[in-house]
There are 6 protein chains.
Amino acid sequence: MTEFQTGLPSVRQIQGFIKEATLVQMRLLTNELLTGRVRWQDQHCICLLDDTDNPIVIWRHAIAYIKPESGGGGNRAVASVESQTVNIFQ
Amino acid sequence: MTEFQTGLPSVRQIQGFIKEATLVQMRLLTNELLTGRVRWQDQHCICLLDDTDNPIVIWRHAIAYIKPESGGGGNRAVASVESQTVNIFQ
Amino acid sequence: MTEFQTGLPSVRQIQGFIKEATLVQMRLLTNELLTGRVRWQDQHCICLLDDTDNPIVIWRHAIAYIKPESGGGGNRAVASVESQTVNIFQ
Amino acid sequence: MTEFQTGLPSVRQIQGFIKEATLVQMRLLTNELLTGRVRWQDQHCICLLDDTDNPIVIWRHAIAYIKPESGGGGNRAVASVESQTVNIFQ
Amino acid sequence: MTEFQTGLPSVRQIQGFIKEATLVQMRLLTNELLTGRVRWQDQHCICLLDDTDNPIVIWRHAIAYIKPESGGGGNRAVASVESQTVNIFQ
Amino acid sequence: MTEFQTGLPSVRQIQGFIKEATLVQMRLLTNELLTGRVRWQDQHCICLLDDTDNPIVIWRHAIAYIKPESGGGGNRAVASVESQTVNIFQ
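Small disclaimer: the values here were computed from a predicted structure and weren't measured.

Peer 1: Where do I start with the interface of chain D and chain F in this structure?
Peer 2: A common way to report how large an interface is uses the accessible area buried once the components associate. Counting residues at the interface gives 26 residues for chain D, matched by 30 residues for chain F. Here chain D meets chain F over a buried area of about 2400 Å², counting both sides, of which 64% is carbon and sulfur. Seen at the junction of chain D and chain F, the total is one salt bridge. When the shortest N-O distance is used, the salt bridge between E32 of chain D and R27 of chain F registers 3.5 Å. Elements with a contribution of two residues or more to the side of chain D that touches chain F: α1 (9-19), β2 (33-41) and β4 (55-59) of chain D. Considering each element in turn, the side of chain D that touches chain F owes the most residues, five residues, to β4 of chain D. Direction of pairing for β4 of chain D relative to strand β5 (residues 63-68) of chain F: antiparallel, over a ladder of two bridges. Following the sheet pairing, V57 of chain D is matched in β5 of chain F by I66 of chain F.

Structure below.
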């Protein structure tokens, strides 16, 4: 059973986007660019609410990258993630 | 053996679409957009019935995302999923 | 070792196509559409016999979806699968 | 460690192509079509010798399908595989 | 649980890029070319800061390759990795 | 933890390219063709030095195939691999 490692920086980063309702952009491997707010995540999928609050359940294997839409807004969520990440390699 | 984790939000979301016979759209990694009602799911595939009730057995690895076709209709199924999801991170 | 879970609805569905020699269409992630009858399956591949009975060994990871070619013909095989599938979530 | 299941029909089919030096065609997910004779296989790759006997080491994850080039030639190798395959589901 | 093998040459190479704040180019499977500095990495994702210091969380499965942007700058980080790599096969 | 099976023919083939500094071509799933000499390999990546000796760290999942550039040069490395491969199926 694939366990959901909630302590990973990448999982915590997305959790931060959920908590802050950050407007994000998600580039898919089909090259489509989705914009919305992350509603929930699990080990296989991420649920995005689009601009009309409709849910899109996206498979992680189809995602190339995710980033704060304006680039600025999400930084607080990003900062909190980075503090733990460096330790893994000490 | 890959176990089918029926408790996951993403699996329950699709189970909700099955129970409510929600009309859904499924974007594939080939960019094809399929429309239909989910008939069944297992850990490898999702079966969609198209508008003439013919079965299409789709591999999960080929799916980019799934969403209620009208965006509205499926929301009840969506709401019930979201209530559990938040707890995972408390 | 990846075990071949012969009890899964998706595996049984394909086994139904084999038993009924259903004419199927298989969409690949390359967008190619193959037509033929399923000869055998294992956990990595599905063997399709084309219209001149020549074998094509297709990797599951390359398949987007499979469906009965005429949509009609394969329904008996489909019906038998669906009866078990619903139980998983009771 | 991913074990190489040499008993699988798909692995035995390719082993048959090796033993019979069958001229095969291999469609890749890039849509490229390679023609040659299979030299060896392991759980990650298949080595094909092209028409000038030069080795091409192809990752299995990049292969869509493999088939005897003329369709005819490889059938003996195919036949021997099919006899075992059916039992798995009895 | 997929363990993060921090001792691997590929992981250490990226850790070297982080420590040296190397300007890198990352080619994605969508063919997009991202340029920036690696902020952190875990077993699923790599976080790149773009030229306006905005974070892009990129899934490893979407990356084709990564290389020092100028080719030169990152070489010290590269050299330290190569010394351990050869031993694996002695 | 994915173990690096250094005894596999495909891994030994690449190790042969490293030892002989064979000029190789690597076709990626993006269709890009990289040319260079393999510097090191691990279970996730292969490092290629391009014609200006700059390192490109390429993910295995993005590689379609690898072959000696001139076809000729690498054959000694290829020959030594093939001798063990056949035994697996005896």
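Structure shown, so let's carry the discussion forward.
Peer 1: How should the environment of C47 of chain B be read in this particular structure?
Peer 2: Residues and elements named next belong to chain B. Looking at where C47 falls in the secondary structure, it is placed in strand β3 (residues 45-49). The buried category is assigned to C47, whose relative accessible area is 0%. In this structure, the C-alpha to C-alpha distance between C47 and G36, residues 11 residues apart in sequence, is 9.6 Å. In this structure C47 touches R37, V38, R39, W40, P55, I56 and V57, once residues within four positions along its chain are discounted.

Peer 1: Honestly, the relation of the copies chain B and chain A in this entry has me stumped. Any pointers?
Peer 2: Rotating chain B by 60° about the axis while translating it 0.0 Å along that axis superimposes it on chain A, leaving an RMSD of 0.0 Å. The symmetry that links the two subunits is that of a six-fold axis. When the interface residues of chain B are mapped onto chain A, a mere 10% of them again lie at the interface, so each copy presents a different face.

Peer 1: Which parts of the structure should I look at to understand helix α1 (residues 9-19) of chain A?
Peer 2: Three or four residues apart is the spacing at which side chains of an α-helix point the same way, because the helix has 3.6 residues per turn. Most of α1 of chain A sits out of view: nine of its 11 residues are buried. Where α1 of chain A terminates, the next one or two residues include A21 of chain A, which has phi positive at roughly 50°.

Peer 1: Help me understand the relation of the copies chain D and chain F in this model?
Peer 2: Overlaying chain D on chain F yields an RMSD of 0.0 Å, the required transformation being a rotation through 60° with an accompanying axial translation of 0.0 Å. An asymmetric contact is evident, with only 12% of the interface residues of chain D recurring at the interface of chain F.

Calculation criteria
- Residues numbered from 1 in each chain as written.
- Chains lettered and ligands numbered in written order.
- Predicted model: local features only at pLDDT ≥ 70, side-chain atom pairs only at ≥ 80, totals over all residues.
- Heavy atoms only, no water.
- Contact = heavy atoms within 4.5 Å.
- Buried area = accessible area lost by both parts, 1.4 Å probe.
- Salt bridge = Lys/Arg side-chain N within 4 Å of Asp/Glu carboxyl O.
- Helix = DSSP H or I, 4+ residues; strand = E, 2+ residues; numbered from the N terminus.
- Pairing = 2+ DSSP bridges.
- Buried < 20%, exposed > 50% of the residue type's maximum accessible area, 1.4 Å probe, protein only.
- Least-squares fit on C-alpha atoms with pLDDT ≥ 70 in both.

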